[in-house]
Amino acid sequence: MNLATTTAENPQATTAARPADGKPPGPRRRWWGLPLLREMKADYLGFTDGLHREHGDITFMHIGPERAYDLFTPELVREALVDHADAMIRWQRGIEIFEQVFGQSVLVTEGATWQRQRRMLQPAFSPKRVAGYAALMRDAALDALDQAVPAGQAQGLVEMDALWTKVAMDVIMRTLFTSRASRDARDAADATQVLSEAAIREMFWPMTLPDWLPLPGKAKKRRALKALRGLVGRHIAARRTESADTPRDDLLAHLLALRDEGTNAALSDQEVFDQCMVSFQAGHETSATALLWWSRLMAEHPEAARRAQQEVDAVLGSREPGAEDLPALPWLTATLKEAMRLYPPIAAVMTRRTTRDITLGGWTIQSGAMLRITPWVLQRDPRSFSEPARFLPERFLPDAPPPPRGAWMPFGSGPRVCIGQHFAMLEMTLVAALLLQRYTLALPPGASPVEPVMNVTLRPRGGVRLLLTRRPGFRSGHE
């Protein structure tokens, strides 16, 4: 996608006059909307950005029998996801695709089942509980970061994709299973990318053909599912054979100990497996993706990186960070939030479907309509963020005017906001601080501009390579 054509660098979008048919403006319907579907598949972010520029803040289109609306303001998004949350379910086709990997987990379920799961899981992801994982996160990151540049070298050209995947994988393995990342965990990390690419392809088809068919990509998908399910299944099986007296304080232990307040019932064996699957995959992939974009942006903006490094030095010196240090690191936190504004790991929220007629922005939206929400466009709107194409972390400092509610939504919004957002922010802040203690970051000579590619997560095409230089005088206790 050509970033020069995004909303951030075009005149402020306006909503056109209301057509006689009572529908918001949008692209003309031709050939059952199939040309629109092809455009979306080729460049979803560019397509939705173009909708906003050309047709305004709420748009309508027909694709086959579907009636689809795109919402492009924080007010419309909050109206849909918060005010009308009881009139929304997730798009069934998206659920079918994610269910292949995540089963009946909290990411997939609806209605009373989802409410029960969310209620039971919430305490395991509370800020207080998550803070207890800080030491595990730290230990996981230290091993990978201290070895990022080979011993005896002052500088190295580092594949940051591999580094952040290794860090995030070790973090989730330790916090979920009290286990270090091994070869099978690295295979599972590779499987995550395969499944992410398969999922986005399947989103544009009305059904998923059986995976046993000898079609392109099916064998890779089968191997990826086997690797991921095998890893999670082995760890759960091993835990169930342990003595009850073995002390455990990881996420799996909390999942096994959960009880419903009303019935005192535990999660079923399948629910434990499914929650581990979604915790494992979402818990490492989104964090690794956010850190990948953050590190690239810090290398591109050395002044912002120096300020973050000075803040880390002043607060921590050479000691390792803990959860209690986060309030004293506002600039570092702001750089992470600004990176997620420019490059949200989840650039398009799962489509919703209305279950009854509702009103959004004065428009009547019929029951059964699809609602699409794209943080990529929302977070680059100049009405919410001045100079939206620029990396300006000061937007997120504590004394800065806050953006409109719903304008920044890397973790979603409404009742289904990401349950792991506190986990993710703690992990990313600790890991970023540890990196800045040890290294300065720079772009290698001749580095090309990044091009975002959207699968389930938004990643840079071709990855990110950076020069990491050891900081004089800093020596980790893990070296």
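Residues numbered from 1 in each chain as written. Predicted model: local features only at pLDDT ≥ 70, side-chain atom pairs only at ≥ 80, totals over all residues. Heavy atoms only, no water.

**A word on the pattern of salt bridges**
Line of reasoning, step 1. Per the stated rule, a full pass over the model turns up 34 salt bridges.
Line of reasoning, step 2. One salt bridge connects Glu110 with Arg416, and the closest N-O pair in it is separated by 3.3 Å. Taken together, the residues Glu110 in the loop between α4 (92–102) and α5 (111–121) and Arg416 in the loop between α15 (375–378) and α16 (421–438) connect sequence positions 306 residues apart.
Line of reasoning, step 3. Put simply, Arg174 and Asp170 hold a salt bridge, and the shortest N to O gap is 3.2 Å. Note that Arg174 and Asp170 are positioned in helix α8 (residues 160–177) at a spacing of four residues, about one turn of the helix. A single burial state applies to Arg174 and to Asp170, both of which are buried.
Line of reasoning, step 4. A network of salt bridges, in which partner residues are shared, links Glu202, Asp211, Lys218 and Lys221. (Salt bridge = Lys/Arg side-chain N within 4 Å of Asp/Glu carboxyl O. Helix = DSSP H or I, 4+ residues; strand = E, 2+ residues; numbered from the N terminus. Buried < 20%, exposed > 50% of the residue type's maximum accessible area, 1.4 Å probe, protein only.)

**A word on helix α2 (residues 44–55)**
Line of reasoning, step 1. Over its twelve residues, α2 runs 16 Å from end to end, which matches the ideal 16 Å to within 8%, given 1.5 Å per residue.
Line of reasoning, step 2. Here α2 lies mainly inside the structure; nine of its twelve residues are buried.
Line of reasoning, step 3. Burial in α2 covers these residues: Tyr44, Leu45, Phe47, Thr48, Asp49, Gly50, Leu51, His52 and His55. (Expected span 1.5 Å × (residues − 1).)

**Observations regarding the environment of Thr440**
Line of reasoning, step 1. Examined against the element boundaries, Thr440 turns out to sit in strand β9 (residues 439–442).
Line of reasoning, step 2. Among the residues examined, Thr440 registers a relative accessible area of 33% and is labelled partly exposed.
Line of reasoning, step 3. On a C-alpha basis, the gap between Thr440 and Arg470 in space is 6.7 Å, while along the polypeptide they are 30 residues apart.

**Structural notes on the environment of Arg259**
Line of reasoning, step 1. Position of Arg259 among the secondary structure elements: in the loop between α11 (251–257) and α12 (269–300).
Line of reasoning, step 2. The exposure class assigned to Arg259 is partly exposed, which follows from its relative accessible area of 41%.
Line of reasoning, step 3. From its side chain, Arg259 meets the backbone oxygen of Leu256 in a polar contact 3.2 Å long.
Line of reasoning, step 4. Polar contacts involving the side chain of Arg259 include one to the main-chain carbonyl oxygen of Ala257, which spans 3.4 Å. (Polar contact = N/O pair within 3.5 Å; in protein donor to acceptor, adjacent residues only side chain to side chain.)

**Side note on the packing of aromatic side chains**
Line of reasoning, step 1. A full pass over the atoms with the stated rule returns eight aromatic pairs.
Line of reasoning, step 2. When the centroid spacing of 6.2 Å and the interplanar angle of 15° are considered together, the rings of Phe98 and Phe102 count as stacked. Residue Phe98 and its partner Phe102 are located together in helix α4, separated by four residues, close to a single helical turn. Pair check on accessibility: Phe98 and Phe102 agree, each one buried.
Line of reasoning, step 3. Taken together, Phe385, Phe396, Trp408 and Phe411 form an aromatic cluster joined through their ring pairs.
Line of reasoning, step 4. Over the ring of Phe60 we find Lys23; its NZ or CZ atom is 5.7 Å from the centre of that ring. (Phe/Tyr/Trp six-rings, centres within 6.5 Å; stacked < 30°, edge-to-face > 60°. Lys NZ or Arg CZ within 6 Å of the ring centre and 35° of its normal.)

**Let's talk about the nonpolar core**
Line of reasoning, step 1. One finds Trp164, Trp294 and Leu468 to be the most contacted residues of the largest nonpolar core, which totals 128 residues.
Line of reasoning, step 2. For this core, the element with the highest residue contribution is α12, accounting for 15 residues.
Line of reasoning, step 3. Residues in contact with Trp164, not counting those within four places in the same chain, are Leu145, Ala288, Leu291, Leu292, Trp294, Ser295, Val431 and Leu435. (Core = buried A, V, L, I, M, F, W, Y, C linked by side-chain atoms within 4.5 Å. Contact = heavy atoms within 4.5 Å.)

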